Amino acid sequence: MVPSPNIWHWPDVYEVENRAQDVHGAIWAALAEECPFSSTDVVDIGCGDGFHLPIFAQSARTVVGVEPHPPLVVRARNRVAALPNVRVVSGPAQRLPLDDGVADLVHARTAYFFGPGCEPGLQEADRVLRSGGAIAIVDLDGSAAPYGPWLCADEPRYDPAAVEKFFADNGFSLRRVVAEWRFESREALESVLRIEFSAGVAERAIASVEGLSFPVGYRLHVRRKPTGLIV
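Calculation notes
- Residues numbered from 1 in each chain as written.
- Predicted model: local features only at pLDDT ≥ 70, side-chain atom pairs only at ≥ 80, totals over all residues.
- Heavy atoms only, no water.
- Core = buried A, V, L, I, M, F, W, Y, C linked by side-chain atoms within 4.5 Å.
- Buried < 20%, exposed > 50% of the residue type's maximum accessible area, 1.4 Å probe, protein only.
- Helix = DSSP H or I, 4+ residues; strand = E, 2+ residues; numbered from the N terminus.
- Contact = heavy atoms within 4.5 Å.
- Salt bridge = Lys/Arg side-chain N within 4 Å of Asp/Glu carboxyl O.
- Pairing = 2+ DSSP bridges.
- Axes fitted to C-alpha atoms, helices over the stretch in contact; angles between N-to-C directions.
- Right-handed = clockwise from strand over helix to strand, strands pointing away.
- Parallel < 35°, antiparallel > 145°, perpendicular 65-115°, else oblique.
- Left-handed = near helix turned anticlockwise from the far one by under 90°.
- Nonpolar A, V, L, I, M, F, W, Y, C, P; charged D, E, K, R; others polar.

Asker: Outline the nonpolar core, listing residues and values.
Answerer: Formed by 46 residues in total, the largest nonpolar core has its most connected members in Trp150, Phe214 and Tyr218. For this core, the element with the highest residue contribution is strand S7 (residues 213-224), accounting for five residues. Setting aside anything within four residues of it in sequence, one finds tyrosine 218 in contact with Gln21, Ile27, Thr110, Val138, Asp139, Leu140, Asp141, Arg175, Arg176, Val177, Ala179 and Trp181. Counting residues in each nonpolar core, the second largest holds 23 residues, with Leu96, Val106, Cys118 and Phe172 among its members.

This is the structure:
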């Protein structure tokens, strides 16, 4: 289990980040078009403190959040305590504590699935999916400015082209999405960039952003589990 460098250590600041991300719902719109989840059973892998669970719960039949970090499990359960169709379980993506064939959609957003090395998680996602179900992975587009170059400056081993090839080779479609991050104050914007990047990269990012918002590119990778027998 690899610790998340942001939400594990600064969950309150990450809450600010979640509220600022995708203010126009571009990612949600793309996800609903590619993988309609109304009246379905959804599993959200690496759900963190459950920020996205209530959004799924508005239309899904059931929602299960899976999170490996115990303090975040507690926060997620508190967030969804009043939602009867949502539950949160503790476990890693590589060993989901779920039965076979229980989900129509397995969703992961900027959690664990970063390309080569995530094969065990992909196998588990397929295991818990029903035939015809989909796994949808939302990750940051390292080739899209301005956020992508900041990410690559901080993680020089991260190769956006290699990640895209990995998912293509494993049968995923690709849809690029541009979302707007908008903050209520410069203080909030700067605090988020400082938990996302090393000090030097964060300061360069802060200096390059005017105002309270900037665009962030994402990739939506989708793969469906086949129905019936394949000969």
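Asker: Before we move on, could you go through the side chain of histidine 107 and cite the residues and values that matter?
Answerer: Note on placement: histidine 107 falls in strand S4 (residues 103-109). Not counting chain neighbours up to four residues away, the residues in contact with histidine 107 comprise Leu31, Val43, Asp44, Ile45, Phe56, Ala136 and Val138.

Asker: Explain the pattern of salt bridges to me, using residue names and the numbers behind them.
Answerer: Under the definition given, this model contains 23 salt bridges. The residue arginine 223 makes a salt bridge to aspartate 126 at a minimum N-O spacing of 2.8 Å. Pair noted here: arginine 223 is in strand S7 and aspartate 126 is in helix H5 (residues 119-128), with a separation of 97 residues, a long-range link. Judged by its relative accessible area of 24%, aspartate 126 is partly exposed. When the shortest N-O distance is used, the salt bridge between aspartate 169 and lysine 165 registers 2.7 Å. Of this pair, aspartate 169 and lysine 165 are both found in helix H7 (residues 160-169), four residues apart, which corresponds to roughly one turn of the helix. Lysine 165 sits in the exposed class, given a relative accessible area of 52%. Linked by salt bridges that have partners in common, Asp12, Glu15, Arg19, Asp49, Arg75 and Arg79 make up one network.

Asker: An account of the sheet that holds strand S5 (residues 129-140) is needed here, citing residue identities and associated values.
Answerer: What the seven strands build is an open sheet, ordered S3-S2-S1-S4-S5-S7-S6; its pairing is mixed. Bordering the open sheet on either side are strand S3 (86-90) and strand S6 (173-182), each of which pairs with just one other strand. Ignoring strand direction, the axes of neighbouring strands in this sheet form an average angle of 20°. Sheet topology note: the S5/S7 ladder contains seven bridges and is antiparallel. Counted as the bridge partner of valine 138 is leucine 220 from S7. The strands touched by H7 are S5, S6 and S7; relative to S7, the strand with the most contacts, the crossing angle is about 25°.

Asker: Please provide a residue-by-residue account of the pairing of S5, values included.
Answerer: Taken across its 12 residues, S5 has nine buried, putting it largely inside the fold. Between the parallel elements S4 and S5, the chain passes through H5 in a crossover that is right-handed.

Asker: Describe unusual backbone geometry, with residues and values.
Answerer: With an omega of 5°, the peptide bond running from alanine 145 to proline 146 counts as cis. Looking at where proline 146 falls in the secondary structure, it is placed in the loop between S5 and helix H6 (147-154). With a phi close to 50°, aspartate 22 is a non-glycine residue in the positive phi region. Along the chain, aspartate 22 falls in the loop between helix H1 (11-20) and helix H2 (26-34). What makes aspartate 22 buried here is its relative accessible area of 9%. Here the phi dihedral of tyrosine 112 falls at roughly 70°; this positive angle occurs in a residue that is not glycine.

Asker: Lay out the packing of H6 against helix H9 (residues 199-208) in plain terms, naming residues and giving numbers.
Answerer: Remark: H6 packs on H9, axes separated minimally by 10 Å, with the N-to-C direction vectors making an angle of 165°. If you check the angle between H6 and H9, you find them roughly antiparallel. The handedness of the crossing between H6 and H9 is right-handed. Of the residues in H9, those touching H6 at Trp150, Ala153 and Asp154 are Val201, Arg204, Ala205 and Ser208. When the residues that make up the contact of H6 with H9 are grouped by side-chain class, the tally is four nonpolar, one polar and two charged.

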